[in-house]
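Working through the structure, step by step
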Amino acid sequence: MSEARLLLVDDDRTFRLSTAALLRQDGYEVAEAADGQAAVERLKAERFDLILLDLRMPGLDGIGIVEVLRTWGHDTPILMISGYGTVDTAVDALHTGADDFLTKPVEPDVLSARVEKLLARRPTLSPKGRSPDGIVGRSEGIRSVLEIVERVAPTDATVLVTGETGTGKELVARAIHERSERSEGPFVAVNCASLAEGLLESELFGHEKGAFTGAVRQRKGLFEAAEGGTILLDEIGDVSPAMQHRLLRVLQERELTPVGAVRPVSVDVRVVAATNKHLRTEMEAGRFRDDLYYRLNVVRIELPPLRARKEDIPLLVEAFFTRVGRPSHEGCSPLAMRLLQAYPWPGNVRELFAALESARIRAGDRRIEAQHLPEEVREARERTAAGSDRERYRSDKPPADERSAIVDALARTGGTRAEAARHLGMSRTTLWRKMKEYGIEG
């Protein structure tokens, strides 16, 4: 018996009852809703593993429900079902955020197969777009990362995780450890850039009593502390050539020599390295050993920056609200969400969470609105819109395009002519003259 919970939304009572009965025969728990508003109310209060959604319904239709769910940040898989099976409707449904599309009448075997297929992804991503390890996202980039994690985790291969600061490299390293046969062992993370060379050597390899001033007793290093588990060498691109040589020996020989010791010590540790630098460029410049690079780069996982997976931002926002105990659909206005998705996030997920924390403090008990967001986030959308308007408004544009650009700029600025003129890169006098010329009412 499957534990999956399904929500079936359709205003056609006969189809709804018969389809629900079929799905229950397949072992699913099925809840029903006769219209879009009833579905939204259930989705506010309950969690489902899959939603089967009629496209055309009175009131809030299927497309509207998908838009509401994706704006909230819900990643529940959606199977759209319609009696109006054209290519255009299917494309619209999938573009809005549905995961699959079927036309009525639906063959029972086809329906069962599609439902099973959509539910099959649950071991990798939960219905909320989160892996069991806390990695959030449903974008193609994150799915590719999780696929590699699934394949490499059961092996003992060394892994190199690359990506910009704030993309979640340590989360990926932990995911590899948790899904490996070493998961019962320790996971030890060390930031190689935060320690001076001498201290880093002692921290990683340990030292003997009296090895240096202040070494009043013998101490094991982090490699030995990670025995039977995984060690993450974060910011590996910042270690010195001498330390690179010592790390290479550990990878090659699986043994290390503590500072001040004579005899080497064997270690059984899996190594995951992470960096925000391009190690091949560092290697070609002579700053990173090529032999160490090839030892580390057995399996490489490159994390996409947040600006390359903006469809994951609603899910990340929801994860943040869950962490602070605020319902996601009450926590952020649609406009604020659009601003969050327009900003390029040079600091990636780390910067996003910092911005949300700041906005939450400013908003207090109220919903986060656009004015609560940091200034740089608010201004990014304005700069993008202004650039777009100026591009559309050029002297060589035909009148129809010029008129359209002016109308859009006025709509975007709420009819404020001074703001619209600034977006369009013209004076208010020119805008007023153009509005009269094209018959645009104030």
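The sections below set out a description of the structure shown in this document. (Residues numbered from 1 in each chain as written. Predicted model: local features only at pLDDT ≥ 70, side-chain atom pairs only at ≥ 80, totals over all residues. Heavy atoms only, no water.)

Time to look at the environment of Ala98. Position of Ala98 relative to the elements: it lies in the loop between α4 (87-96) and β5 (100-103). Considered as a pair, Ala98 and Glu67 are 31 residues apart in the sequence and their alpha carbons are 9.4 Å apart. (Helix = DSSP H or I, 4+ residues; strand = E, 2+ residues; numbered from the N terminus.)

Attention shifts here to the sheet that holds strand β1 (residues 5-9). Read from one edge of the open sheet, 5 strands run β2-β1-β3-β4-β5, paired in parallel fashion. Among the strands making up the open sheet, the edge pair consists of β2 (29-33) and β5. Averaged over all adjacent pairs, the angle separating strand axes in this sheet is 20°, with direction ignored. Across 4 bridges, strand β4 (residues 78-82) lies against β5 in parallel orientation. By the bridge assignment, Met80 is partnered in β5 with Phe101. Sheet strands touched by helix α5 (residues 108-119): β1, β3 (50-54), β4 and β5. Its angle to β5, the strand with the most contacts, is close to 170°. (Pairing = 2+ DSSP bridges. Axes fitted to C-alpha atoms, helices over the stretch in contact; angles between N-to-C directions. Contact = heavy atoms within 4.5 Å.)

What follows deals with the pattern of salt bridges. Following the criterion strictly, the structure yields 23 salt bridges and no others. Of the charged contacts in the structure, one is a salt bridge between Glu164 and Arg307, with a shortest N-O distance of 2.4 Å. Highlighted residues: Glu164 in the loop between β6 (159-162) and α7 (169-178) and Arg307 in the loop between β12 (299-302) and α13 (313-324), separated in sequence by 143 residues. For Arg307, a relative accessible area of 40% gives the class partly exposed. Across the pair Arg249 and Glu255 runs a salt bridge whose closest N-O atoms are separated by 2.8 Å. Arg249 sits in the partly exposed class, given a relative accessible area of 39%. Sharing partners across several salt bridges, the network here consists of Arg5, Glu29, Arg42 and Glu46. (Salt bridge = Lys/Arg side-chain N within 4 Å of Asp/Glu carboxyl O. Buried < 20%, exposed > 50% of the residue type's maximum accessible area, 1.4 Å probe, protein only.)

Neighbouring strands of a sheet are bound in pairs by backbone hydrogen bonds; such pairs are parallel or else antiparallel. Pairing within the open sheet is parallel, and its 5 strands lie in the order β7-β8-β11-β6-β12. Only two strands of the sheet have a single partner each, and these edge strands are β7 (187-191) and β12. Strand-to-strand twist of the sheet, defined as the mean angle between neighbouring strand axes without regard to direction, takes the value 20°. Bridge count for strand β8 (residues 230-234) against strand β11 (residues 270-275) is 5 bridges, and the pairing is parallel.

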